[in-house]
Amino acid sequence: MRQLGPPDGRPELVVLRALKLGDLLVAVPAIRGLRHAYPDHRLVLAVPGWLAPIVELVEGVDDILPTPGLDEQVALERGRADIAVNMHGKGTESRGRIDELQPRLKIVHRVPEIDGEAAGDPGMPAWQDGILERERWVRLVGAYGVRAQADDVRLQRGAPSPAHGATVVHVGAFYGSRRWPVERFAAVARRLRADGHAVVYTGDARERERALVVAEQAGDDASAVLAGRIDLGTFASVIADARLVVSADTGAAHLASAYSRPSVVLFGPASPSEWGPPPGPHVVLTDERVRRGEAFAEEPDPALLAVGVDDVLSAVDGLLPAAGDR
């Protein structure tokens, strides 16, 4: 993905979403809507630079503006952006980064501390808690006349997968609150291997040791562990060509949605009503009754721990025939 260079004569539309992989993927429907609404604009995503291989797969995006977070101003001179869209959040900090760009048009939620309760653009929507995250951003752009479909999460395909047709057991998660126990992942993988699945184990470089332990307990050797050995673009290709994906509510699960791959998604601190997959060959497992909801906690959320090995295996057994996989 090309980093933003000098102006090229087109008006520029900048979308701020300086977060993680899953956060980018749930914004794809709204980004696709913006592309269709403004076909003559140069569409720029202000996201962390490490997401560039995924941005490359979002149809219609022209450039990436590496933006690691909100600690500093977006690296774009004031007045250059014709349109600036705040898909980062609802607070004064993210809104401030948009205001600093001084665009002709701001597509933003109303921030009471800045706009007051009734001031500003009459079409400026108020933030709503508890709604589906994909719908949140479709609703935002829709308030400014942009049509988008919340379930349109498609990504383009990248390079061929080095593990075509493999079943992906994604053992990682950024926070401990989403880490399903190692021994449970291993038990699921053992059964899948016994049923003829070629299992690979994914995660980032920091999660390689965890993935190695899962593989060993499942009876696989290190050659099946892709965690720490493949880059983000290759990871997307592995998911795109997977037979099945088993993951906590992470970027891997959102990639499975983007490529309509059968997936079993284990939810902990986040609610499926806000972060769940679109309709498709996806099964969500959790227990809303015991959810603690502490996203940054070190220990797994009770809603995640309430999901047992047999729950996952039953979901797999029901899912693959429904997906035409025998």
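Above this text sits the structure in question.
Remember, it's a predicted structure, so these values are computed and weren't measured experimentally.

What counts, and where the lines are drawn
- Throughout, a residue's number is its position along its own chain's written sequence, starting from 1.
- Local features in this predicted model are restricted to residues of pLDDT 70 or higher, and side-chain atom pairs are both shown and tallied only at a pLDDT of 80 or more, whereas totals for entire chains, interfaces and linings draw on every residue.
- Hydrogens are left out, water is left out, and the side-chain values use all remaining heavy atoms of the structure.
- Strands are runs of DSSP state E lasting at least 2 residues, helices are runs of H or I lasting at least 4, and numbering of each runs from the N terminus.
- Taken over C-alpha atoms, the radius of gyration is set against a globule rule of 2.2 Å times the number of residues to the power 0.38.
- Every residue pair with non-hydrogen atoms within 4.5 Å of one another is taken to be in contact.
- By the counting scheme adopted, Arg and Lys are positive, Glu and Asp are negative, and His together with the chain ends is not counted.
- Taken as the charge centre is NZ of Lys, CZ of Arg, CG of Asp or CD of Glu, depending on the residue.
- Fitted lines through C-alpha atoms give the axes, limited to the stretch in contact for helices. The angle between two N-to-C directions lies from 0 to 180 degrees.
- Our angle categories are set so that under 35 degrees counts as roughly parallel, over 145 as roughly antiparallel, 65 to 115 as roughly perpendicular, and the remainder as oblique.
- Crossing chirality is assigned from the near helix's rotation relative to the far helix, an anticlockwise turn below a right angle marking it left-handed and a clockwise turn marking it right-handed.
- All residues other than Ala, Val, Leu, Ile, Met, Phe, Trp, Tyr, Cys, Pro, Asp, Glu, Lys and Arg, Gly among them, are scored as polar; the first ten of these are nonpolar and the last four charged.
- Throughout this description, the term salt bridge denotes a Lys or Arg side-chain nitrogen within 4 Å of a carboxyl oxygen of Asp or Glu.
- Buried residues are those whose accessible area, probed at 1.4 Å on protein chains only, stays under 20% of the maximum for their type, while exposed residues exceed 50% and partly exposed ones sit between those limits.
- Two strands are said to pair when DSSP picks up at least two bridges between them.
- Each nonpolar core is a collection of buried residues, namely Ala, Val, Leu, Ile, Met, Phe, Trp, Tyr and Cys, held together in the definition by side-chain atoms within 4.5 Å.

Let us now look at the overall build of the protein chain. Counting secondary structure elements, the protein chain contains 13 helices and 10 strands. In summary, the protein chain has a C-alpha radius of gyration of 20 Å against a globular reference of 20 Å for 326 residues, a match within 12%. Along the three orthogonal principal directions, the C-alpha set of the protein chain runs to about 60 × 40 × 35 Å. A separation threshold of at least 6 residues defines the contact pool for the protein chain, and within that pool the share at least 24 residues apart is 62%. Side-chain charges in the protein chain split into 37 positive and 46 negative, and the spacing between the mean points of these groups amounts to 3 Å.

Let us look at the packing of helix 7 (residues 182-194) against helix 8 (residues 208-218). Here helix 7 crosses helix 8 at 45°, and the two axes come no closer than 8 Å. Accordingly, the angle class assigned to the pair helix 7 and helix 8 is oblique. Seen from above, helix 7 lies across helix 8 with right-handed handedness. Residues Val 182, Glu 183, Phe 185, Ala 186, Ala 189, Arg 190 and Arg 193 of helix 7 pack against Arg 210, Val 213, Val 214, Gln 217 and Ala 218 of helix 8. Its residues assigned to classes, the contact of helix 7 with helix 8 shows seven nonpolar, one polar and four charged.

This brings us to the pattern of salt bridges. Enumeration over the complete set of coordinates arrives at 29 salt bridges. In this structure, Arg 104 and Asp 82 form a salt bridge, with 2.7 Å as the shortest nitrogen-oxygen distance. Linking Arg 104 in the loop between helix 4 (92-101) and strand 5 (105-107) with Asp 82 in strand 4 (residues 81-86), this pair joins segments that are 22 residues apart in sequence. Note on Arg 104: relative accessible area 58%, which makes it exposed. Of the charged contacts in the structure, one is a salt bridge between Arg 95 and Asp 115, with a shortest N-O distance of 2.7 Å. Of the two residues, Arg 95 sits in helix 4 while Asp 115 sits in helix 5 (residues 112-115), which places them 20 residues apart along the sequence.

Here we come to the sheet that holds strand 6 (residues 167-170). Across the sheet, five strands lie side by side as 7-6-8-9-10; this open sheet has parallel pairing. Two strands close off the open sheet at either side, each with one partner strand: strand 7 (199-202) and strand 10 (282-285). This sheet shows a mean twist of 15° between the axes of neighbouring strands, independent of strand direction. As judged from the four bridges shared by strand 8 (residues 244-248) and strand 9 (residues 263-266), these two strands associate in the parallel manner. Of the residues in strand 9, the one forming a bridge with Ala 248 is Leu 266.

In this section: the nonpolar core. Grouped together as the largest cluster of nonpolar side chains are 70 residues, with contacts concentrated most on Leu 34, Met 87 and Leu 155. The leading source of residues in this core is helix 9 (residues 232-240), at six residues. Those residues in contact with Met 87, other than ones at most four positions away along the chain, are Val 15, Leu 16, Arg 17, Ala 27, Ala 30, Ile 31, Leu 34, Trp 137 and Val 141.

Turning next to the sheet that holds strand 3 (residues 63-64). Read from one edge of the open sheet, five strands run 3-2-1-4-5, paired in parallel fashion. In this open sheet, the two edge strands, each paired with only one partner strand, are strand 3 and strand 5. Bridge count between strand 1 (residues 12-16) and strand 2 (residues 42-46): five bridges; the pairing is parallel. Note on strand 2: the bridge partner recorded for Glu 12 is Arg 42. Across the sheet, helix 2 (residues 28-37) touches strand 1, strand 2, strand 4 and strand 5, and the angle it forms with strand 2 is around 155°. Against the sheet, helix 4 touches strand 1, strand 4 and strand 5, its axis set at about 175° to strand 4.

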